[in-house]
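Below, each chain spelled out in residue letters.
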2 protein chains.
Amino acid sequence: MSNDWADNWQLATGNWQLAEKLLPNLRIRVNPCWLIRAIRDYRIRVNPRQIQCLLYFPAMTNSLEVIPIGGIGEFGMNCTALRYEDQIILIDAGARFPGGGSGTDLGIDIIVPDISFLREHQEQLQAILLTHGHEDHAGGISYIINEIPLPIYATPLTLGLVTARLKERGLYQTAELRPLEARKPLKLGPFEIEPLHITHSFPDALCFAITTPVGRLIWTGDFKLDQTPIDGKLTDLTRLSHYGEEGVLALFSDSTNSAVPGLAPSEFTVYEMLRTLFRKAEKKIIISCFASSIHRIQIILDLAQEFDRKVVALGRSMVSNIKVAAQLKYLHFPQDLLLSRNQARNLPGNQLVILASGSQGEPMAAMSRIAVNEMKNVAVEQGDLAILSARMIPGNERVISSMTNHFYRRGAHVFDSRRSSVHVSGHGLRDDLKLMINLTRPQFFIPIHGEYRQLKIHASLAHDQGIPLERIHLIENGDVLQLSHNSVRISDKINVGRRFIDEGILKEVHEVVLRDRRYLSEDGFVVVILRVDRSSGELIGVPELISRGFVLMDTSEELMELTRSEIIKLAEETPMEEKQDEEIFKEIVRKNLKRFFRKKTGKRPMILPVTIEI
Amino acid sequence: MSNDWADNWQLATGNWQLAEKLLPNLRIRVNPCWLIRAIRDYRIRVNPRQIQCLLYFPAMTNSLEVIPIGGIGEFGMNCTALRYEDQIILIDAGARFPGGGSGTDLGIDIIVPDISFLREHQEQLQAILLTHGHEDHAGGISYIINEIPLPIYATPLTLGLVTARLKERGLYQTAELRPLEARKPLKLGPFEIEPLHITHSFPDALCFAITTPVGRLIWTGDFKLDQTPIDGKLTDLTRLSHYGEEGVLALFSDSTNSAVPGLAPSEFTVYEMLRTLFRKAEKKIIISCFASSIHRIQIILDLAQEFDRKVVALGRSMVSNIKVAAQLKYLHFPQDLLLSRNQARNLPGNQLVILASGSQGEPMAAMSRIAVNEMKNVAVEQGDLAILSARMIPGNERVISSMTNHFYRRGAHVFDSRRSSVHVSGHGLRDDLKLMINLTRPQFFIPIHGEYRQLKIHASLAHDQGIPLERIHLIENGDVLQLSHNSVRISDKINVGRRFIDEGILKEVHEVVLRDRRYLSEDGFVVVILRVDRSSGELIGVPELISRGFVLMDTSEELMELTRSEIIKLAEETPMEEKQDEEIFKEIVRKNLKRFFRKKTGKRPMILPVTIEI
């Protein structure tokens, strides 16, 4: 189709009844876009006013739409919809954790993307494809599956970790899990997806080559180009370069480390660094990494064997992931390497490795509990070695520092990513990203996975690699990126957002509740109980005040006394007809007390008047 | 005195009446420690039982005590008491900010050390000496002066910044401010203090050489050994090395960067980096640094002149500090360099520098407001240059990222300390620290200013420099470090802690209120209003429920209905005598509802039953 029609395509209607009524001589059911073309090319005569009306119906196009629901312009919760005509596939279903800071998380345990868009187009959804099993790509799967049952496609390890999550939520029985294998293409409606092996800090991570009617996309997922991966499985550069030769319409590439110069060091370098530490260790080794860092866990298990130590795995996710990965043969170790805490109780420290979850200093996780000696049978001793073999997620530095300080206080030697190379990133640095662009030679380039800053820097990098600026597109969550075989543009914006999940109530916490919690956390509340005469509306007796989080009640009797007098004065001054309307009187009390408290204390507590009729 | 007496010294009494009664033939008033020595050396005969009793009176010793009130094992709020006999001087009066994280700060604006110890020993306090005017060393001054009026000694610039703080709190009129000058010694009771110039990211920062009856201390304050300081004033290495030759009992040295290898780059290097950016800038330059980074501000003002730009300073602290520093001749610039926002309104972007406070992404500060285009007459435009010339304080990364992302979205080029060298630390790196140790050659070494991790690493560094382990002492807040001319030990522990200040109410927020706020922020509250018959104690009607931050009330009518039934059932089941005691019945309701809500929702809202007698 020629470009001059592009602007009309998005306005084309999906309303068949009307189309047929307007053009009754049209015998075949055609896509409205084609209809428009037919009108133009075959000069079908029709009242232009009616066409106008026809054109402004909801869009249905034969161009491809890429719609990020989460993960663009933010860290974590990656989730993107690909739509062609009336079929949608989802790539990834990530989550992120609130974490960090000195305040509170408002009772939130996990944050996932708002899936209203998916709910509204439920009938179009075909499947979810997961690139890999890290939380920021697969951690939100239960929250989607719970509402929209969909087949889940992923490699066996990713499915294994997802299974554990689904079982926790009681969703496993009904879930449809379908294994993907690298280089085994899969057809889902108009999408032909070839999963390709790509190296990342997760075994069997995938990138997707997606062939659609408008052209081919390369979706990298998370990656770095590791030439010495722990499992020996290299990135499928052959297929990627093959597609580069054949033609790639658009490359969607991981931007996490776009600001970091150089080529990402191999996961293998962690082996060397940790080996040095293991060799020197004279007592216990207490090490923490992400429970989903299966490569890192393999390194630790290997080194334990090399230095004749047994391993005690601690933390629910750590124990469960090791079990799943071992069953699926992604982790290799002899049966007797792992001991329980109880079995290891009498083992001398120099024969022991404690492998604990909680590298981000989460207060209830194993590592933090060990740091404050609250883990039974695991006491930190002078000369022990504590290692945090993980990235520090921005925002978590304070809690992590607090944890490492506890280890230091107990006489342990501490190594973390600030002090030595006990961790390498799983995401490609600038030279990795350049190589990806040069291999795939895309017509269009769209940076994904990262904050706006990282996307922007990745875009400049792509420009430096020779991609013209007009072929580079910066998108944000909710943007509808429309691709045809020779154009890319943002055609629409859908509503996106975040859902705050409280694992306690196993469901979403409403924005209003969160707003109240934030409000309460800063200024507390005052409930004012007003006894009023049912018939006259007059205030009876002295109002009762209940307050928490505002001022210390024990020492604020004077303020409370003043407040009560203020209310009584207010009641006296308020005309009878206003007092008789309960709601009006409550509002008067609320407004006046707000002003009163602000003047007296500078604070704005939540004020809740209640009337009790007597 | 010989060492075997050391244990008794601290038990020695200050009770002269009793001493004279016991030893009436002792004609001169002597220090009790000497008294003990006299008893030993001159074999004065005395009933040993009486001596025993004498020895156990409250301690007053002729050894020196160093008592950190804040700033050891944590970042910020540095404050240390030095006591000899009954005289105390304070070094620094710092604060820290809650900041960071995705949650809330519980209504807290500033955190300062708990000064109960100072309050209890108010009559012993002689003065406060400030090393320099940064917030972490001088930001808590008002909260001490407000309760304990004391003379404040510091260099003119530090006093200038302190004056602004005192005026805000209405404390300036009564405050005694006394200027210090480098190399001009000051005698305060048993302490002879020589202020020495030391380089830091603050002009006229001081280190103190403190000569006491037991020996000389070197207290570095914050420092780096900058060989090309902006104001040309070098560290007084001459006096430091002179004291090193003469003999230093103990060195107390800044540990902030003890984990970072190398020598700290000079503040001057920032000149070069910023000059490169200024040269390339085609539009507005919007730059933020700490308002107390006077050197950095000088660099920015100099570069503005060099590139023919005018400067608009934004943010209360920025404007006030520039004014104070200019008046005191610490900042040098022509009158017409600074414009108001209004004056600069029509100036083209390439003739403008916006110098804004808020480098940590504080949402209400100038820089954040510019980022979201909420600053009148300052719109971010495509091609503007946004520079954060400051350290990112751990915990603030998320808010800072969110701010820089806004600049990126508006098309600005952004430079921060993650991406380029637009900031250098004001604290010495490992090689600076080694030089300090080698110059002063202390008998004892005590790392200060830093988290436990940094103190520990600094201690290892000192050991590597040849100081024996037994002469290195790691202390924590509240430790009473007792120094004699040849020994150092922790002899006692005083109560220390933090005070959380709400600037709104201009006073301390009690721990109980904070605990309630934290609690409310996670689970909200439910107030249960029970109408009871005054005589029978029977429940009248249906209980009223008021709740916020727990569940969304609009959609939880069912839960509230169940709750009301639960309470009615409870009232029916409770024996009459328990119901007649209001407090007992309220406790029964609270306990049962707690269990009920936990079962139904997994949450633990704060439950507050109220009875209204009718």
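Residues numbered from 1 in each chain as written. Chains lettered and ligands numbered in written order. Predicted model: local features only at pLDDT ≥ 70, side-chain atom pairs only at ≥ 80, totals over all residues. Heavy atoms only, no water.

Draft legend 1. Representation of a positive patch on the surface. Together, Lys591(A), Lys594(A), Arg595(A), Arg598(A) and Arg604(A) make up a region of like positive charge exposed at the surface. Mapped onto the secondary structure, Arg595(A) falls in helix α20 (residues 582-601). (Patch = residues over 30% accessible without salt bridge, like charges linked within 9 Å, V, L, I, M, F, W, Y side chains within 5 Å. Areas by Shrake-Rupley, 256 points an atom, 1.4 Å probe, with all protein chains shown as cover. Salt bridge = Lys/Arg side-chain N within 4 Å of Asp/Glu carboxyl O. Lys, Arg positive; Asp, Glu negative; His and termini not counted. Charge placed at Lys NZ, Arg CZ, Asp CG, Glu CD. Helix = DSSP H or I, 4+ residues; strand = E, 2+ residues; numbered from the N terminus.)

Draft legend 2. The environment of Ser389(A), seen in detail. Residues and elements named next belong to chain A. By secondary structure assignment, the location of Ser-389 is in the loop between β17 (385-388) and α14 (397-409). For Ser-389, a relative accessible area of 1% corresponds to the buried category. The spacing of Ser-389 and Ser-417 is 28 residues in sequence and 6.9 Å in space, taken between C-alpha atoms. Setting aside chain neighbours within four positions, we find Ser-389 in contact with Val-270, Leu-274, Ile-287, Ser-288, Cys-289, Arg-296, Val-422 and His-423. A polar contact is formed between the side chain of Ser-389 and the side chain of Arg-296, at a distance of 2.9 Å. (Buried < 20%, exposed > 50% of the residue type's maximum accessible area, 1.4 Å probe, protein only. Contact = heavy atoms within 4.5 Å. Polar contact = N/O pair within 3.5 Å; in protein donor to acceptor, adjacent residues only side chain to side chain.)

Draft legend 3. Examining the pattern of salt bridges more closely. Using the criterion set out here, one finds 64 salt bridges over all chains in the structure. One salt bridge in this structure joins Arg564(A) and Glu561(A), with 3.3 Å as the shortest N-O distance. With Arg564(A) and Glu561(A) both in helix α18 (residues 557-573), this residue pair falls three residues apart, about one helical turn. Given a relative accessible area of 14%, Arg564(A) falls into the buried group. With its nearest N and O atoms 3.2 Å apart, the salt bridge here joins Lys579(B) to Glu538(B). Placement of Lys579(B) in helix α19 (residues 576-580) and of Glu538(B) in the loop between β23 (525-532) and β24 (544-548) is noted, with a sequence separation of 41 residues between them. Glu538(B) gets classed as partly exposed once you look at its relative accessible area, which sits at 30%.

Draft legend 4. Summary view of the side chain of Thr163(B). The topology assignment puts Thr163(B) in helix α8 (residues 156-168). When residues no more than four places from it in sequence are discounted, the contact partners of Thr163(B) are Tyr172(B) and Leu177(B).

Draft legend 5. Region of interest: helix α17 (residues 511-523) of chain A. Given a rise of 1.5 Å per residue, 13 residues ought to cover 18 Å, and the 18 Å separating the end C-alpha atoms of α17(A) matches this to within 8%. The positive-phi residue at the C-terminal boundary of α17(A) is Gly524(A), with phi of around 70°. (Expected span 1.5 Å × (residues − 1).)

Draft legend 6. Just the sheet that holds strand β23 (residues 507-509) of chain A, in detail. Residues and elements named next belong to chain A. In spatial order, the strands read β4-β22-β23; together these three strands make up an open sheet with antiparallel pairing. Two strands lie at the open edges of the sheet, namely β4 (110-113) and β23, each paired on one side alone. Recorded for the sheet is a direction-independent mean angle of 50° between the axes of neighbouring strands. Across four bridges, β4 lies against strand β22 (residues 498-502) in antiparallel orientation. Residue Val-112 lies in a different strand from β22, and its bridge partner there is Arg-499. Contacts from α17 reach β22 and β23 within the one sheet, and its direction differs from that of β23 by about 55°. (Pairing = 2+ DSSP bridges. Axes fitted to C-alpha atoms, helices over the stretch in contact; angles between N-to-C directions.)

Draft legend 7. How the structure looks around the relation of the copies chain B and chain A. Take chain B, turn it by 180°, move it 0.1 Å along the axis, and it overlays chain A with an RMSD of 0.1 Å. Taken together, the rotation and translation relating the two chain copies correspond to the operation of a two-fold axis. Comparing interface residues between copies, 99% of those in chain B also sit at the interface in chain A, which points to an isologous, same-surface contact. (Least-squares fit on C-alpha atoms with pLDDT ≥ 70 in both.)

Draft legend 8. Quick look at the interface of chain B and chain A. Taken together, the contacts link 67 residues of chain B with 66 residues of chain A. Taking both partners together, chain B and chain A bury about 5600 Å²; carbon and sulfur atoms supply 58% of that area. Across the chain B-chain A interface, the total number found is two salt bridges. In this structure, the salt-bridge partner of Arg409(A) is Glu476(B), at a minimum N-O distance of 2.6 Å. Where chain B packs against chain A, one counts 16 residue pairs in polar contact (both at pLDDT 80 or more). Listing elements by their share of the side of chain B that touches chain A, those giving two or more residues are α14 (397-409), α16 (452-464), α17 (511-523), β23, β24 and β25 (606-613) of chain B. With nine residues, the top contributor of residues to the side of chain B that touches chain A is α17(B). Tallied by class, residues from the side of chain B that touches chain A come to 24 nonpolar, 21 polar and 22 charged. (Buried area = accessible area lost by both parts, 1.4 Å probe. Nonpolar A, V, L, I, M, F, W, Y, C, P; charged D, E, K, R; others polar.)

Draft legend 9. Up close: a nonpolar patch on the surface. Together, Ile540(A), Ile614(A), Ile540(B) and Ile614(B) give the surface a local cluster of nonpolar side chains, amounting to about 250 Å² of exposed area. For Ile614(A), the position within the fold is in the segment after β26 (606-613).

Draft legend 10. Up close: the packing of aromatic side chains. Residues and elements named next belong to chain A. In total, this model carries 11 aromatic pairs over all chains according to the counting rule given. Look at Phe-268 and Tyr-271: their rings are 5.2 Å apart centre to centre, the planes differ by 45°, and that puts the pair in the tilted class. With a gap of three residues between them, Phe-268 and Tyr-271 both fall in helix α10 (residues 268-280), about one helical turn apart. Its relative accessible area of 37% is what places Phe-268 among the partly exposed residues. We classify Tyr-271 as buried; its relative accessible area is 10%. Members of the aromatic cluster, each reached through a chain of ring pairs, are Phe-550, Phe-596 and Phe-597. (Phe/Tyr/Trp six-rings, centres within 6.5 Å; stacked < 30°, edge-to-face > 60°.)

Draft legend 11. Region of the structure containing the side chain of Asp523(A). Tracing the backbone through its elements, the reader meets Asp523(A) in helix α17. Accessibility expressed as a relative area gives 12% for Asp523(A), which makes it buried. Engagement of the side chain of Asp523(A) in a polar contact is seen with the backbone nitrogen of Arg604(A), the distance being 3.3 Å. Excluding anything up to four places from it in sequence, Asp523(A) contacts Gly549(A), Phe550(A), Lys603(A), Arg604(A), Pro605(A) and Arg517(B).

Draft legend 12. Representation of the packing of helix α15 (residues 430-440) of chain B against α16(B) within the structure. Residues and elements named next belong to chain B. Where α15 contacts α16, the two axes come as close as 10 Å, and the packing angle between them is 55°. The angle between α15 and α16 places the two elements in the oblique class. With respect to the hand of their crossing, α15 and α16 are arranged in right-handed fashion. For the pair α15 and α16, the contacting residues are Arg-430, Leu-433, Lys-434 and Ile-437 in the first and Ile-457, His-458, Leu-461 and Ala-462 in the second. (Parallel < 35°, antiparallel > 145°, perpendicular 65-115°, else oblique. Left-handed = near helix turned anticlockwise from the far one by under 90°.)

Draft legend 13. Quick look at unusual backbone geometry. Residue and element names in this part refer to chain A. Residues other than glycine seldom take positive phi values, yet Arg-183 does so here, at roughly 70°. In this structure, Arg-183 sits in the loop between β7 (176-179) and β8 (186-188). Positive phi is not limited to glycine here, since Asn-377 has a value of about 65°. Secondary-structure assignment places Asn-377 in the loop between α13 (366-371) and β17.

Draft legend 14. The arrangement of the pairing of strand β13 (residues 285-288) of chain A in detail. Residues and elements named next belong to chain A. Side-chain alternation along β13 places Ile-285 and Ile-287 on one buried face and Ile-286 and Ser-288 on a second face that is also buried. For β13 and strand β16 (residues 352-356), the ladder comprises four bridges, and the chain directions are parallel. Paired with Ile-287 across the two strands is Leu-355, which belongs to β16.

Draft legend 15. Local environment of the environment of Glu538(B). Residue and element names in this part refer to chain B. With 389 residues separating them along the chain, Glu-538 and Pro-149 place their C-alpha atoms 58 Å apart. When residues no more than four places from it in sequence are discounted, the contact partners of Glu-538 are Arg-531, Val-532, Asp-533, Met-576 and Lys-579. In this structure the side chain of Glu-538 is engaged in a polar contact, spanning 3.2 Å, whose partner is the side chain of Lys-579.

Draft legend 16. Here's a closer look at the sheet that holds strand β11 (residues 215-219) of chain B. Residue and element names in this part refer to chain B. Pairing within the open sheet is mixed, and its six strands lie in the order β8-β9-β10-β11-β12-β18. Unpaired on one side and paired on the other, β8 (186-188) and β18 (442-448) mark the two borders of the sheet. Strand-to-strand twist in this sheet, taken as the mean axis angle between neighbours without regard to direction, amounts to 25°. In this structure, β8 lies alongside strand β9 (residues 191-198), joined through three bridges in antiparallel fashion. Residue pairing for β9: Lys-187 is matched across the bridge by Glu-192.

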